[in-house]
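Chain by chain, the residues run as shown.
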There are 2 protein chains.
Amino acid sequence: MLKANYIENLYALMKKNNLDAVIIAPSQDLQYLIDFSPAADERFQALFLLQDGRYFYVTPELNYEEILHCLGEDTKYYIWSDGAGFVGAVTQGLKDFGLSGKNIGVNCAVRAINMLDVAEEFDGKFFNAHSLLEEFRVCKSEEDIEKMRIAAKMADDIMEDLRHFIKPGLTEKDIKDRIKSKFAEMGAEGVSFEPIIASGPNSSKPHYSDDCRVIEEKDIIILDLGCRYKNYCSDTSRTFFVGGITDKEKEVYEIVKKSHWEAENYAKAGVTCESVDKVARDIIKESGHGEHFLNRTGHGIGYSVHEAPYIKEGNTQILEPGMAFSIEPGIYIPGEFGLRIEDIVVIDKNGNPEILNKFTRDIVIV
Amino acid sequence: MLKANYIENLYALMKKNNLDAVIIAPSQDLQYLIDFSPAADERFQALFLLQDGRYFYVTPELNYEEILHCLGEDTKYYIWSDGAGFVGAVTQGLKDFGLSGKNIGVNCAVRAINMLDVAEEFDGKFFNAHSLLEEFRVCKSEEDIEKMRIAAKMADDIMEDLRHFIKPGLTEKDIKDRIKSKFAEMGAEGVSFEPIIASGPNSSKPHYSDDCRVIEEKDIIILDLGCRYKNYCSDTSRTFFVGGITDKEKEVYEIVKKSHWEAENYAKAGVTCESVDKVARDIIKESGHGEHFLNRTGHGIGYSVHEAPYIKEGNTQILEPGMAFSIEPGIYIPGEFGLRIEDIVVIDKNGNPEILNKFTRDIVIV
């Protein structure tokens, strides 16, 4: 049984894009549609959803019991064994549902190697359906947004906790572990992504993923964290300073803070995503740090921690009530330091920005 | 700088398969080739490796510093910004390296949506290079195998620990947490996969991934766990019984134990993978439980926890010295219970099976 809200939007978008079906492998897309997503492994499995609302599921023998429990007896399953392989099950399903020669979209979790194997036996054509699967749920209901408010509050409460917890001698990993255990205590379902704790020179790498460095006196620390609450994500970043701040760090902090605040308050219904990016980017460019702002200003958020709308150059999508996204400008000076500030913003029903994160954007010295 | 052993094998396989280049997105494949694999996210990045040994790397701006640190200044990088997108960087690289119109393999981590986007702008042809990237490193050196012995010993030691640790009242998650903290204490780099703790009725789902059930008196528990040591994986399963065992459980256990033991000792240089599968499968079939043995008998293991050679029906690959794989027959009775026993076996230089796991295969009552 499909459990998604706004599912009619998806069928309409499939029709508009001339897609007869979409293949949805385990992912947040699948979680959204059926309220379950099996742990992804190398064995192919996916929901095949047709424009007319019919669907079937291809599953390894090994996972049949769990997907049956989720989708029920009335669903048509194509079950494959390790000996037989998955291609026969997929092509049989496509044939039975009249999809020979048709246009099939694939979601972000379908692997190229699996699509290539199917393409050898199937005469239809494959298309990228990623943006379509994000678009149909891009405007959130008040009920969805309330979940995001709660998730954002949990993240803010962790920042408050870390302000008192962080001190020299701890490792980045100690801080990660604290975040995870605090989110669990608060009743979150888990982190929405592996927290990023980038201290000292690591702070110049926006997506630093190691965690073994020991915090030192005078460090700068980027903290980027979020949780999942009733399937909705939070995501926030703050930059703390250990025992003091240099003049250069302070100067850069104030530029990022201004960029962040101006962009957050500029975002409203009717403006384009690229224009929000431009507000943030221009302030950093004017400061002379344009080349140190390496990423888009923000990304949408909801069931997935990164989804549409993307707040970036070249994206002419227009903001509408119910859209939720991050604003996270940063300056990253290679070999020196980096910093960013990130909140989640929702466009409210009047078209104005509601900033979900409340933790201070002023300089925090721990 | 490429750091892989046996790299000449890979070039030879590319030549044999008529592939001019392979695209290797973050994965164990990439870890093996360059001793680093960035955390995978939605931004495309990959190593492009040519049959003649040249290579280039396509990276988001955001990840440039970390990949530069790994591959050095002499590597050619194609760096893309969020505003511009990745397709231009990929097609420029393909063009500069003379790959227009050529045959390009993709590894298991390349997403179909990214390949489809590139295919719109590129006149070459894409192929599944997954098995090729596993085959070139399928025979391990004595040095590799020694790392696997150590990883296997760590997993065996955890089984011994769990034998005393497990008791009614603990949750499946408590057991998972114990496994992870014990592996960390022992000096493993981490788990090689999220441990599977399937208790009571959950045991009939071979890849059960939840963990909230509370252990009860008379439970059956499948424990499936492994770690990573110097990049090499372990993977072992045992089935424990809490406070006693029923006659039916005992009967099923003895069938699986026999299937497991016979297959382990049958595996040797010169026999096919499918024949090893058949030894295990026939014993279970003869017992009347054929329909309850849902999976292949085993999978190869090394840098990846699942890789070639696959011990399954239809696989005519011949075992050779240095190949390492699991033997893990199981019986899963839907709605009742399931159980399996799993060891890692290596074909030694004389062509005989060396069983890396030493923990008892006899019935363990905790």
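If you look chain A up in an unreviewed UniProt entry, it shows as Xaa-Pro aminopeptidase from Clostridium collagenovorans DSM 3089.

Scanning chain A for helices and strands turns up ten helices and 20 strands. Relative to the globule expectation of 21 Å for 366 residues, the C-alpha radius of gyration of chain A, 22 Å, shows essentially globular dimensions. Overall size of chain A, expressed as C-alpha extent along the three principal axes, is 70 × 45 × 35 Å. Counting the 366 residues in chain A, one finds 59% classified as buried. For chain A, the accessible surface area stands at approximately 14000 Å², while carbon and sulfur atoms represent 49% of it.

All names here are of chain A. Taken domain by domain, chain A consists of domain 1 (7–135) and domain 2 (142–365). Opposite the seven residues of domain 1 that make contact, domain 2 presents ten residues. Considering only the surface of domain 1 that becomes buried against domain 2, Gln-28, Tyr-32 and Glu-134 emerge as the three largest contributors, covering 67% of it. Inspection of the domain 1/domain 2 interface yields zero salt bridges. At the boundary of domain 1 and domain 2, one finds five residue pairs in polar contact (both at pLDDT 80 or more). Those elements giving two or more residues to the side of domain 1 that touches domain 2 turn out to be α2 (28–34) and α6 (130–135).

The next thing to look at is the pattern of salt bridges. Pairs can form between side chains of opposite charge whenever their charged atoms are close. One pass over the full model with this rule turns up 54 salt bridges over all chains. Glu194(B) is paired through a salt bridge with Lys176(B); the nearest N and O atoms lie 3.7 Å apart. Separated by 18 residues along the polypeptide, Glu194(B) in the loop between β7 (190–191) and β8 (196–199) and Lys176(B) in helix α8 (residues 172–186) bring together distant segments of the chain. A single network of salt bridges, built from pairs that share partners, joins Asp29(A), Arg137(A), Lys140(A) and Glu307(A).

This part covers the interface of chain A and chain B. For an interface, size is often stated in terms of accessible area lost upon the parts coming together. Residue-level contacts link 37 residues of chain A with 36 residues of chain B. For the pair chain A and chain B, the two sides together bury roughly 3500 Å², of which 54% comes from carbon and sulfur. The largest per-residue losses of area from chain A upon contact with chain B belong to Leu62(A), Glu65(A) and Ile113(A), which jointly make up 17% of the total buried on that side. In this assembly, chain A and chain B are joined by two salt bridges. The closest approach of N and O atoms between Arg296(B) and Glu42(A), which form a salt bridge, is 2.7 Å.

Moving on: the environment of Ile34(B). Residue and element names in this part refer to chain B. Mapped onto the elements of the fold, Ile-34 is located in helix α2 (residues 28–34). In this structure the C-alpha to C-alpha distance between Ile-34 and Leu-2, which are 32 residues apart in sequence, comes to 4.9 Å. Among all residues touching Ile-34, those that are not within four sequence positions of it are Met-1, Leu-2, Lys-3, Leu-47, Ile-67, Cys-70 and Leu-71.

Our next topic: the sheet that holds strand β4 (residues 76–80) of chain A. All names here are of chain A. Spatially, the six strands line up as an open sheet ordered β4-β3-β2-β1-β5-β6, and their pairing is mixed. Strands with a single pairing partner mark the edges of an open sheet, and in this sheet they are β4 and β6 (125–128). Sheet twist, expressed as the mean angle between neighbouring strand axes with direction ignored, is 25°. Where strand β3 (residues 55–60) meets β4, five bridges bridge the pair, whose relative direction is parallel.

The next point concerns the UniProt feature "domain: Creatinase N-terminal" (unreviewed entry) in chain A. Mapped onto this structure's residue numbering, the UniProt feature "domain: Creatinase N-terminal" (unreviewed entry) falls at residues 7–139 of chain A. Taken as a whole, residues 7–139 of chain A contains 37% helix and 21% strand, while its terminal C-alpha atoms sit 12 Å from one another.

What follows concerns the relation of the copies chain A and chain B. With an axial shift of 0.0 Å and an RMSD of 0.0 Å, the rotation relating chain A to chain B amounts to 180°. Taken together, the rotation angle and the small translation identify this as a two-fold axis. Residue Ala112(A), judged by its C-alpha, is the member of chain A lying nearest the rotation axis, at 1.9 Å. Counting the interface residues of chain A, we find that 97% of their copies in chain B are interface residues as well, pointing to one common contact surface.

Let us now look at the UniProt feature "domain: Peptidase M24" (unreviewed entry) in chain A. UniProt records the feature "domain: Peptidase M24" (unreviewed entry) at residues 146–348 of chain A, using the numbering of this structure. Within the segment residues 146–348 of chain A, helix and strand shares are 34% and 24% respectively, and the terminal C-alpha atoms sit 12 Å apart.

Residue and element names in this part refer to chain B. For helix α1 (residues 7–16), every residue scored as buried is listed here: Ile-7, Leu-10, Tyr-11, Leu-13 and Met-14. Buried residues of α1 fall within an arc of 160° about the axis and therefore sit on the same side. Opposite the buried face of α1, by more than 90 degrees, sit the exposed residues Glu-8, Lys-15 and Lys-16. Tucked into the core, α1 has its buried residues touching β1 (21–24), α2, β2 (46–50) and α6 (130–135).

Attention now moves to the packing of aromatic side chains. Residues and elements named next belong to chain B. By the definition in use, this model includes 26 aromatic pairs over all chains. Relative to Phe-56, the ring of Phe-48 lies with its centre 4.7 Å away and its plane at 15°, an arrangement referred to as stacked. A relative accessible area of 0% means that Phe-56 is categorised as buried. Plain terms: the ring middles of Phe-56 and Tyr-78 are 5.3 Å apart, the flat faces sit at 75° to each other, and that makes the pair edge-to-face. In this pair, Phe-56 sits in strand β3 (residues 55–60) while Tyr-78 sits in strand β4 (residues 76–80), placing the two residues 22 residues apart along the sequence.

Calculation rules
Residues numbered from 1 in each chain as written. Chains lettered and ligands numbered in written order. Predicted model: local features only at pLDDT ≥ 70, side-chain atom pairs only at ≥ 80, totals over all residues. Heavy atoms only, no water. Helix = DSSP H or I, 4+ residues; strand = E, 2+ residues; numbered from the N terminus. Rg over C-alpha atoms; globule rule 2.2 N^0.38 Å. Buried < 20%, exposed > 50% of the residue type's maximum accessible area, 1.4 Å probe, protein only. Areas by Shrake-Rupley, 256 points an atom, 1.4 Å probe, with all protein chains shown as cover. Domains from an automatic or database assignment. Contact = heavy atoms within 4.5 Å. Buried area = accessible area lost by both parts, 1.4 Å probe. Salt bridge = Lys/Arg side-chain N within 4 Å of Asp/Glu carboxyl O. Polar contact = N/O pair within 3.5 Å; in protein donor to acceptor, adjacent residues only side chain to side chain. Pairing = 2+ DSSP bridges. Axes fitted to C-alpha atoms, helices over the stretch in contact; angles between N-to-C directions. UniProt positions renumbered as here; feature names shortened; annotations may be inferred. Least-squares fit on C-alpha atoms with pLDDT ≥ 70 in both. Arc of directions from axis to C-beta. Phe/Tyr/Trp six-rings, centres within 6.5 Å; stacked < 30°, edge-to-face > 60°.

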